[in-house]
Amino acid sequence: MPAVFSECARVSTASRVTLRDFNTNQPSTREKMRLLLYTFVNTALAFPGMLPDIHARQSLPTNLPLSSQEGNSGPIPSLTFNAADQFVDVRPGTIHQFIAPGSNDKRGLCPGLNAAANHGFLPRSGIATIAQTVTGLGQAYSLGNEFAAALAVIAIALTGDPIAGTWSIGGSYSPSLLGGLLSNPSGIDWSHNTYESDASPTRVDAYLNNGDATPLNIARFDKLYNLATNYTLDNLRDHNKYVHDLSINNNPYYFSAPFAGLVPPIAHHFVINLMSNHSADNIQGTLTRETLKSFFSISGPDGAHLWTAGHERIPQNWYKRPTANPYGAVPAFADVAILATKYPEIVQFGGNTGTPNSFVGVDPGDITGGVLNSVTLLQGNNLGCFFFQAAQQAIPSVLQGVVSNLAPVTALVNQYISPVTQLLNCPALNTFNQSAFNQFPGAGYHPTQ
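Basis of the calculations
Residues numbered from 1 in each chain as written. Predicted model: local features only at pLDDT ≥ 70, side-chain atom pairs only at ≥ 80, totals over all residues. Heavy atoms only, no water. Pairing = 2+ DSSP bridges. Helix = DSSP H or I, 4+ residues; strand = E, 2+ residues; numbered from the N terminus. Axes fitted to C-alpha atoms, helices over the stretch in contact; angles between N-to-C directions. Parallel < 35°, antiparallel > 145°, perpendicular 65-115°, else oblique. Left-handed = near helix turned anticlockwise from the far one by under 90°. Contact = heavy atoms within 4.5 Å. Nonpolar A, V, L, I, M, F, W, Y, C, P; charged D, E, K, R; others polar. Buried < 20%, exposed > 50% of the residue type's maximum accessible area, 1.4 Å probe, protein only. Core = buried A, V, L, I, M, F, W, Y, C linked by side-chain atoms within 4.5 Å. Phe/Tyr/Trp six-rings, centres within 6.5 Å; stacked < 30°, edge-to-face > 60°. Lys NZ or Arg CZ within 6 Å of the ring centre and 35° of its normal. Salt bridge = Lys/Arg side-chain N within 4 Å of Asp/Glu carboxyl O.

Peer 1: Just to check I follow, could you spell out the sheet that holds strand E11 (residues 360-361) for this structure?
Peer 2: The strands that make up a sheet pair up through hydrogen bonds in the backbone, lying either parallel or antiparallel. If you trace the three strands from one edge of the open sheet to the other, you get E5-E10-E11, paired in antiparallel fashion. Across the chains shown, the open sheet's two edge strands, defined by having one partner strand only, are strand E5 (255-256) and E11. Where E5 meets strand E10 (residues 350-351), two bridges bridge the pair, whose relative direction is antiparallel. From the neighbouring strand, Phe-255 faces E10, where its bridge partner is Gly-351.

Peer 1: Before we go on, may I ask you to explain the packing of helix H6 (residues 145-159) against helix H14 (residues 407-423) in this structure?
Peer 2: If you want to describe how two helices pack, look at the angle between their axes and the distance between the axes. Running from N to C, H6 and H14 cross one another at 150 degrees; their axes reach a closest spacing of 10 Å. Comparing the axis directions of H6 and H14 gives the class roughly antiparallel. Like other packed secondary-structure pairs, H6 and H14 cross with a definite hand, here left-handed. Contacts between H6 and H14 pair Glu-146, Ala-149, Ala-150, Val-153, Ile-154 and Ala-157 from the former with Val-409, Leu-412, Val-413, Tyr-416, Ile-417, Val-420 and Leu-423 from the latter. Taken together, the residues of the contact of H6 with H14 sort by class into 12 nonpolar, no polar and one charged.

Peer 1: Please explain helix H7 (residues 218-225) as it appears in this structure.
Peer 2: Think of an α-helix as turning once every 3.6 residues; residues three or four places apart then point the same way. What H7 keeps buried is the set Arg-220, Phe-221, Asp-222, Leu-224 and Tyr-225. Where H7 is buried, its residues contact strand E4 (230-231), helix H8 (233-250), helix H10 (289-295) and strand E7 (298-299).

Peer 1: Hey, could you run me through the environment of Ile-154 in this one?
Peer 2: Position of Ile-154 relative to the elements: it lies in helix H6. On the basis of relative accessibility, which here comes to 0%, the residue Ile-154 falls in the buried class. Dropping the residues within four chain positions of it, Ile-154 is found in contact with Thr-159, Tyr-195, Phe-259, Phe-388, Ala-391 and Ile-417.

Peer 1: Which parts of the structure should I look at to understand unusual backbone geometry?
Peer 2: Most of the time, phi is negative for any residue but glycine, and the peptide bond is trans. One non-glycine residue, Asn-210, adopts positive backbone phi at about 55 degrees. Take Asn-210: it is sitting in the loop between strand E3 (166-168) and H7. Not every positive phi belongs to a glycine, and Ser-297 is a case in point at roughly 55 degrees. The topology assignment puts Ser-297 in the loop between H10 and E7. Residue Ser-297 is classed as buried on the basis of its relative accessible area of 7%.

Peer 1: What is the right way to read the nonpolar core from this model?
Peer 2: In a soluble, globular protein the nonpolar side chains are often hidden away together inside. Counting residues in hydrophobic clusters, the biggest one holds 96 residues, and the most contacted among them are Tyr-141, Phe-147, Ile-314 and Phe-388. Broken down by element, this core gets its largest block of residues, 12 residues, from H6. Once residues lying within four places of it in the same chain are set aside, the contact partners of Phe-388 are Phe-147, Ala-150, Ile-154, Ala-329, Phe-333, Ile-417, Val-420, Thr-421 and Leu-424.

Peer 1: Looking at this model, I keep getting lost on helix H4 (residues 111-118). Mind explaining?
Peer 2: Among the eight residues in H4, eight count as buried, and that is most of the element. Listing the buried residues of H4 in full gives Pro-111, Gly-112, Leu-113, Asn-114, Ala-115, Ala-116, Ala-117 and Asn-118. Positive phi shows up at Gly-120, right after H4, with a value of about 75 degrees.

Peer 1: Just to check I follow, could you spell out the packing of aromatic side chains for this structure?
Peer 2: With the rule as written, the count across this model stands at 25 aromatic pairs. Pairing Tyr-141 with Trp-318 gives two aromatic rings, centres 6.2 Å apart and planes at 80 degrees, and the pair type is edge-to-face. Residue Tyr-141 is found in helix H5 (residues 130-141), and its partner Trp-318 is found in strand E9 (residues 318-319); the two are separated by 177 residues along the sequence. Seen in terms of ring centroids, Phe-259 and Phe-387 are 4.5 Å apart; in terms of plane orientation they differ by 40 degrees. Their pairing is tilted. Residue Phe-259 is located in the loop between E5 and helix H9 (263-275), and its partner Phe-387 is located in helix H13 (residues 382-399); the two are separated by 128 residues in the primary sequence. This pair shows no difference in class: Phe-259 is buried, exactly as Phe-387 is. Connected via pairs of aromatic rings, a cluster forms that spans Phe-147, Tyr-195, Phe-259, Phe-270, Tyr-327, Phe-333, Phe-387 and Phe-388. In this structure, Arg-289 packs its charged tip against the face of Tyr-225, placed 4.3 Å from the ring centre. Above the face of the Phe-98 ring, Arg-313 is positioned so that its terminal group lies 3.7 Å from the ring centre.

Peer 1: Honestly, the pattern of salt bridges in this entry has me stumped. Any pointers?
Peer 2: Close approach of charged atoms allows side chains of opposite charge to pair. According to the stated counting rule, one finds nine salt bridges in the structure shown. In this structure, Arg-237 engages Asp-335 in a salt bridge whose closest nitrogen and oxygen atoms are separated by 2.8 Å. Pair noted here: Arg-237 is in helix H8 and Asp-335 is in helix H11 (residues 329-342), with a separation of 98 residues, a long-range link. Look at Arg-237 and you get buried, because its relative accessible area is 1%. A salt bridge links Lys-241 to Asp-245; the nearest nitrogen and oxygen atoms lie 3.1 Å apart. Taken as a pair, Lys-241 and Asp-245 lie in helix H8 at a separation of four residues, close to a single helical turn. What emerges from the salt-bridge pattern is a single network uniting Glu-70, Arg-237 and Asp-335.

See the structure below:
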């Protein structure tokens, strides 16, 4: 899922969005191939569709709402409903009608990505470029351009083909014939602890399922399903707490990495912010059980649910969040910060030490050389900064032995990530010490397909 462009670098410090004052009324708590890639990047810059402008700056309320008081549009409320703008036309016979994936099409563990591919917002093959990701997820869900592009470029660098500029929403695929890769791209399904992580909303931890985190677990889905009939962000945060504790109590290899460990909390918030149906009567949006089942490819009556792999659908007569209020990096990390005030233990890095329920945390200060610590992590935009900077820092070690030349890959990542960290007014992070993670067996657990 998924960045931006030189225009971001020109935003003045005064106009940057900040999460400062977040805790005012709440408890205080927490990358032959250099030329080819150069051509790819500069082709991107030549076409506006490759690097769409960031939406007008979003403004967060001075004091963000308590978790229980937040609507389904997240920390920046939707102000209007416009049917022409928000209607997602997936009716039979239209260009975005549902078509079940073919045997060679990639589908994976993210229901929103699967649904977007099944309706042709992403390529139906399940293999996408940055431009296709940004355009498609914007059309389908109003996911922020800068957020979609950043997530896509990280997926390309960590799990995809940086020579061709593609990534897979599911499993591995054949790389470009241009050369430069030393193995097939894994896809995000087989990216444990680099992109995919433990404590998924509906998937079992990889270690507990023979290395495969892709199948939906009906019991885990039902736990979410039975929380409500109309779901809120507070419901999903409660579910996040449940699966987090489930992982720690049962998975001896549970591990929460600085980048990948924040993916599950973000994924929980995606469910509400991107799957809710909006209307004139409910501008903020509502997520019902039937809509949830459609997005997660669940059929059958209560108590006898069935999952059909890869058949996730956007419901008919469904209206996305307003394009004027996209779900971008700023509101996404504000949501995670709100989560951390309710359940601070979720937004921690570290893992179990080889037995269940043996979690040891690592202070961000030990990773960042004191630039950030467990207290300052939730101040300003530091949580979003840490997420993107951790991805940048992790790429060289992850790609060692995977690509023949790291320089163009890291250049591509920096091209897209640095403007986001500038947008967030991030502090310089010159130290990123991962040695503290050597004590966790899960940190070295990377199952392959």
